[in-house]
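# Topology and contacts: notes
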Amino acid sequence: MLYPENCLERLGFSEVRQLIHKHCLSPMGQQMVDKMQVMTKYDQINKFLRQTYEFKSILENQEPLQISSFFDIKSLADKIKVEGTYLVEEELHQMYASLLTVFSVLRFFEERKEVYPNLEALLEHLPVEKNILKRIEMVLDPKGKIKPNASSTLQQIIGDIAKAEQDVRKRMDSIYKTAVGNNWVADGSLTIRDGRMCIPILAENKRKLKGFIHDESASGQTVYMEPEEVFTLNNKLRDLEFDKRREIIKILIALTTDLRPYTPLLLSYHGFLTKLDFVRAKALFSIDIDADMPILIKEAKTKFVNATHPLLYLSFKEDKKTVVPLNIHITEELRIVLVSGPNAGGKSVCMKTVGLLQLMVQSGLLIPVHESSEVGIFENIFADIGDDQSIESDLSTYSAHLTKMRYFVEHASPKTLVLIDEFGTGTDPQFGGPMAEAVLEVLNNKKVRGVITTHYSNLKLFAGNTPGLENASMLFDNDRMKPMYILELGKPGSSYAFEIAQNIGLQKEVLELARAKTGTNQNRIDSLLVDLEREKKQIYDTKLHLSNQQNKVKNLVAENEKLKLFLDENRKVLIKEAKLEAQAIIKNANKLVENTIAEIKDKQADKIVTKELRQNLQKVLVQHQVKEEKKPELAVALNTPIQVGDWVQLNNSETTGQVLEINRDNLVVALGELRSVLKKNRVYKISNKQAKKAVQNNSYSGSMSEAIGSFTAELDLRGMRGENALHEVEKYLDKSIMLGFPFIKLIHGKGDGILRKLIREYLKKYSQVNRVEDEHADRGGDGITYVYFN
């Protein structure tokens, strides 16, 4: 149940409906969008969500599902139900085009059985009745016109008409030439009047030619005459035209009669097309807003991860801006989130985002959140947003708010989602605050779920001390005096009234008077909130920096693990190869020694020959001698005390770093980009010269040269799913930017252009990208994108 009646409009769902409306191909699909309602049954919602998700996958993967023609088959089927009626050529052609679409879709899903199970359920075992197409093809040509040979009678009539037209033309040309020769004709050529071919005759000569006058010029000097000889021929031609029309109607009646038994099947086709158009429109809208399929649960709780307001996303997308994502959760323990913070800081957007996304999910629409988000099902959704004062109903702003509160309290349940903007406003804060607190307490006792925005301090205090309620604040950048639009759960936020007023230039005396009138306690509370906000921001920035550092450490550990695994895998192979090589050397050496001894014996120990043989043996030994590797110079420890800025090396390691801080026995050392705290006894001091050598030894210039040599500035993405393709593009862009390439080439193919659109949109996120261009039309055109870097 939704309350009040304008709940959908206030939360922006009506605008979402209009955007989906534009994606429909037919009035039937648009009618389904208009009838779209918020559902409360899990199976029903799940079915609609999965159908939309599957159709989105088809569109993103550029599957060959051709959907081009949608017409209202139901109105045509209703028309042929009545005996004696018939469909005209245009109506039959619409039916034919729609049936081609139906059969194309049926064939698509038949070839992909069980790939899209939820969409297949729409088919309802519809048969492919091609007899309907065959009957229409016998009568209509591809342009939807009656074929000349639709019947033998029609073919005969069309032949007679062609002959009659030829006779009329010949006779008219002859009479026209005679009239021209006698100077009876006015300026101009043969013309048509009242569907009859006429000769423009000067009024003074109209009695010189027998015929029928059909018209005259505005001046009266020219009359348009049909010669008497041609009149009979034209009458015959007109009779033939009537015969042709009667024969066409006869053919259409016969065709309609043949189609009448298929009326129930045509209505089934109509229902299928309508549902397909509806699901397709929802899928296209989900692509527009970058939506995904959340985890649907039966409980009345919600966890949104990286959620964005779809209407705000589309608006920012046009202006090439990005929306700050929202992270919020509503559970059994933390049922109501009380959001406070500065004006224009995003409180209302936060609350409306939760409401709109909940409405969209329960209407079977995908939402712009991370796929790990969880969305429950609420039986009631109540909203108090905006000013509903009414002169007709004698309702003031505050009376309108109280009327809604009365309804909320009366009908609230644990499966109710309550959304209230600026809770308690519209009256004296001294009384509005306690009244709002009382309503909040009753709603909390009824275990409702909700998101409420407020500036009232008593509500923040109440939420901090009451189980089931959770304070939250919109973060504010104190340095730049600008809202950050980030929701932080757990702490209330300041309204920053004085800070914002000071920032916009309100006079100093006004601010001082306002501070004096506010009271010491309130000022102190607000100052504490501001200080808390500042500390929260510092903690947030630190956490972000720490998270980045941890990610770098994880990557380094992963690389080390890979290298270790590679060495472990190849160690056995290397040892085996070395042993084989050693065996071969020993074998050859044995042969050489034996041959040498045999030759010495043969030569009877001739000193010169023996010397030569020994020299040969020595040469062979030198060739196979293993050169001793030059041992790296060990860093020499310096005995002077370690100071800030000195270079140190870890014991039993080649790792070097620079000392940043000294805290008693602890050192803060910079190891490359990492910062680490080490004990003094774990390191020893080295000279700057030794440190420079160590840094050079650890250089990765060689690996960079190797990486540049093996890198190709071309990436083929054809046949990939959208998500996989973007993942590959991300890795490829990072590598090409790191290696300093001026441009790269992305091959994505043409298809329906969806993959190209996804990639182009993704590239806009990179500030390093200067521009993108299509390949030359002769070499692939818009199937290839060139990306140029700054």
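Because the structure is predicted, anything quoted here is derived from the model rather than measured.

Right, let's talk about the overall build of the chain for a bit. Along the backbone of the chain there are 24 helices and 24 strands. Burial status across the chain gives 41% buried among its 790 residues. Considering only residue pairs separated by 6 or more positions, the chain has 69% of its internal contacts joining residues 24 or more positions apart. Accessible surface, the chain as shown: approximately 45900 Å² in total, 51% of it carbon and sulfur.

Moving on, we come to the side chain of Asp 277. Following the sequence through the fold, Asp 277 ends up in helix α11 (residues 263-288). Here Asp 277 sits buried without a salt bridge, and the closest side chain of opposite charge, Arg 280, lies 4.4 Å off (N-O distance). Once residues lying within four places of it in the same chain are set aside, the contact partners of Asp 277 are His 23, Cys 24, Leu 25, Ser 26, Gly 29 and Phe 70.

This next bit is on the sheet that holds strand β3 (residues 196-202). As summarised here, the arrangement of the four strands in space is β2-β3-β5-β4, forming an open sheet in which the pairing is antiparallel. Only two strands of the sheet have a single neighbouring strand rather than two, namely β2 (191-193) and β4 (211-216). Each strand axis lies, on average, 50 degrees off the axis of its neighbour in the sheet, ignoring direction. Two strands pair when backbone bridges link them, and β2 and β3 are joined in this way by three bridges, in the antiparallel orientation. Across the sheet, Ile 192 pairs through a bridge with Met 197, a residue of β3. In this fold helix α9 (residues 152-181) packs onto β3 and β5 (222-227), with an angle of close to 5 degrees to the strand it touches most, β3. Lying on the sheet, helix α10 (residues 228-259) is in contact with β3, β4 and β5; it crosses β5 at an angle near 65 degrees.

This model, assessed by the stated rule, comprises 26 salt bridges. The residue Asp 78 makes a salt bridge to Lys 81 at a minimum N-O spacing of 3.5 Å. For Asp 78, a relative accessible area of 30% translates into the label partly exposed. With relative accessibility at 46%, the residue Lys 81 sits in the partly exposed group. One salt bridge connects Glu 761 with Lys 764, and the closest N-O pair in it is separated by 3.2 Å.

The tally for this structure, following the rule as stated, stands at 14 aromatic pairs. Geometrically, the ring pair formed by Phe 382 and Phe 408 is stacked, given 5.3 Å between the ring centres and 10 degrees between the ring planes. Here Phe 382 is found in strand β11 (residues 380-384), whereas its partner Phe 408 is found in helix α14 (residues 397-411), with 26 residues between them in sequence. A ring pair is formed by Phe 743 and Tyr 788, whose centres lie 5.6 Å apart and whose planes are at 40 degrees; its orientation type is tilted. Taken together, the residues span a long stretch of sequence, with Phe 743 in strand β22 (residues 743-747) and Tyr 788 in strand β24 (residues 784-789) at a distance of 45 residues. Through a chain of ring-to-ring contacts, the aromatic side chains of Tyr 3, Phe 382, Tyr 407 and Phe 408 assemble into a single cluster.

The next thing to look at is the sheet that holds strand β23 (residues 769-774). An order of β21-β22-β24-β23 is seen for the four strands of this open sheet, with the pairing classed as mixed. Bordering the open sheet on either side are β21 (714-716) and β23, each of which pairs with just one other strand. The mean angle between the axes of side-by-side strands here comes to 20 degrees, regardless of whether they run parallel or antiparallel. As defined by bridge partners, β23 adjoins β24 across five bridges and the pair is classed as antiparallel. Across the sheet, the residue bridging to Arg 771 is Tyr 788, located in β24. Against the sheet, helix α24 (residues 754-763) makes contact with β22, β23 and β24, and its axis sits at roughly 160 degrees relative to β23, the strand it touches most.

Turning to the packing of helix α5 (residues 73-80) against α11, a few remarks are in order. Contact geometry for α5 and α11: axes closest at 8 Å, N-to-C directions at 165 degrees. What the angle tells us is that α5 and α11 run roughly antiparallel. Taken as a pair, α5 and α11 cross one another with a handedness that is left-handed. For the pair α5 and α11, contact is made by Ile 73, Lys 74, Ala 77, Asp 78 and Ile 80 and by Thr 263, Leu 266, Leu 267, Tyr 269, His 270 and Leu 273, respectively.

With that settled, consider the pairing of β5. With six of six residues buried, β5 lies mostly within the body of the structure. Because side chains alternate across β5, one face comprises the buried residues Thr 222, Tyr 224 and Glu 226, and the other comprises Val 223, Met 225 and Pro 227, equally buried. Where β3 meets β5, four bridges bridge the pair, whose relative direction is antiparallel. When the bridges of β5 are listed, Pro 200 appears paired with Tyr 224. In terms of strand pairing, β4 meets β5 through five bridges, oriented antiparallel. Across the sheet, Glu 216 pairs through a bridge with Val 223, a residue of β5. As consecutive antiparallel partners, β4 and β5 are separated by five residues, and within that stretch Gly 220 has a phi angle of approximately 85 degrees, a positive value.

This brings us to the confidence of the model for the chain. Considering every residue of the chain, the mean pLDDT works out to 82; 85% of them sit at 70 or more. For residues 389-394, every residue scores under 50 in pLDDT, and the model assigns this stretch five contacts once sequence neighbours within four places are set aside. Considering only residues more than four positions removed or in separate chains, one finds that residues 700-705, a stretch of pLDDT under 50, has two contacts.

Moving on to the nonpolar core. If you look at the biggest cluster of nonpolar residues, it comprises 53 residues, and the most contacted ones within it are Phe 304, Ile 328 and Met 360. The leading source of residues in this core is helix α13 (residues 347-361), at eight residues. For Phe 304, the residues in contact, after removing those within four places along its chain, are Leu 326, Asn 327, Ile 328, Val 354, Leu 357, Gln 358, Ile 367, Val 369, Ser 373 and Val 375. Counting 49 residues, the second-largest nonpolar core is a separate cluster that includes Phe 70, Leu 76, Leu 122 and Leu 123.

It is worth spelling out the pairing of strand β8 (residues 326-330) at this point. Here β8 shows a clear split, with Leu 326, Ile 328 and Ile 330 buried on one side and none of Asn 327 and His 329 buried on the other. Direction of pairing for strand β7 (residues 302-307) relative to β8: antiparallel, over a ladder of four bridges. Paired with Phe 304 across the bridge in β8 is Ile 328.

A word on unusual backbone geometry. Cis geometry marks the peptide bond from Tyr 3 to Pro 4, where omega comes out at -5 degrees. We note that Glu 114 has phi near 70 degrees; this positive angle belongs to a residue other than glycine. Counting through the fold element by element, Glu 114 comes out in the loop between α6 (89-111) and α7 (117-120). Judged by relative accessible area, which is 70%, Glu 114 ranks as exposed. Unlike most non-glycine residues, Glu 422 shows phi in positive territory, near 55 degrees. Along the chain, Glu 422 turns up in the loop between β12 (416-420) and α15 (429-445).

Conventions adopted
- The residue count restarts for each chain, going from 1 along the sequence in the order it is written.
- Given that this is a predicted model, residues contribute local features only at a pLDDT of at least 70 and side-chain atom pairs are listed and counted only at 80 or more, while totals for whole chains, interfaces and linings are drawn from all residues.
- Hydrogens and waters are ignored; side-chain quantities use all the structure's heavy atoms.
- Each helix is a run of H or I in the DSSP string that is no shorter than four residues. Each strand is a run of E no shorter than two, and both are numbered from the N terminus.
- For every residue, the accessible area obtained with a 1.4 Å probe (protein chains only) is divided by the maximum for its type, and the residue is called buried under 20%, exposed over 50%, and partly exposed between those limits.
- Any two residues whose heavy atoms approach within 4.5 Å at even a single point are treated as in contact.
- Methods summary: accessible areas were calculated by the Shrake-Rupley approach with a probe of 1.4 Å, and residue burial reflects only the protein chains presented.
- Charged-residue counts in this description rest on Lys and Arg as positive and Asp and Glu as negative, His and the chain ends being excluded.
- Counted as salt bridges are all cases of a side-chain nitrogen of Lys or Arg within 4 Å of a carboxyl oxygen of Asp or Glu.
- At least two DSSP bridges between two strands are needed for those strands to be called paired.
- Axis definition: a line fit to C-alpha positions, over the contact stretch in the case of helices; interaxial angles, taken between N-to-C directions, run 0 to 180 degrees.
- Aromatic rings from Phe, Tyr and Trp, taking only the six-membered ring of Trp, are treated as a pair when their centres fall within 6.5 Å; an angle between ring planes under 30 degrees marks them as stacked, one over 60 as edge-to-face, and anything in between as tilted.
- What sets the label is the angle itself: under 35 degrees gives roughly parallel, over 145 gives roughly antiparallel, 65 to 115 gives roughly perpendicular, and the rest give oblique.
- Working rule for handedness: look at the near helix, and if it is turned counterclockwise from the far one by less than a right angle, call the crossing left-handed; if clockwise, right-handed.
- The quantity called pLDDT is the predictor's confidence in a given residue, expressed from 0 to 100.
- To qualify as a nonpolar core, a set must consist of buried Ala, Val, Leu, Ile, Met, Phe, Trp, Tyr and Cys residues joined through side-chain atoms within 4.5 Å.

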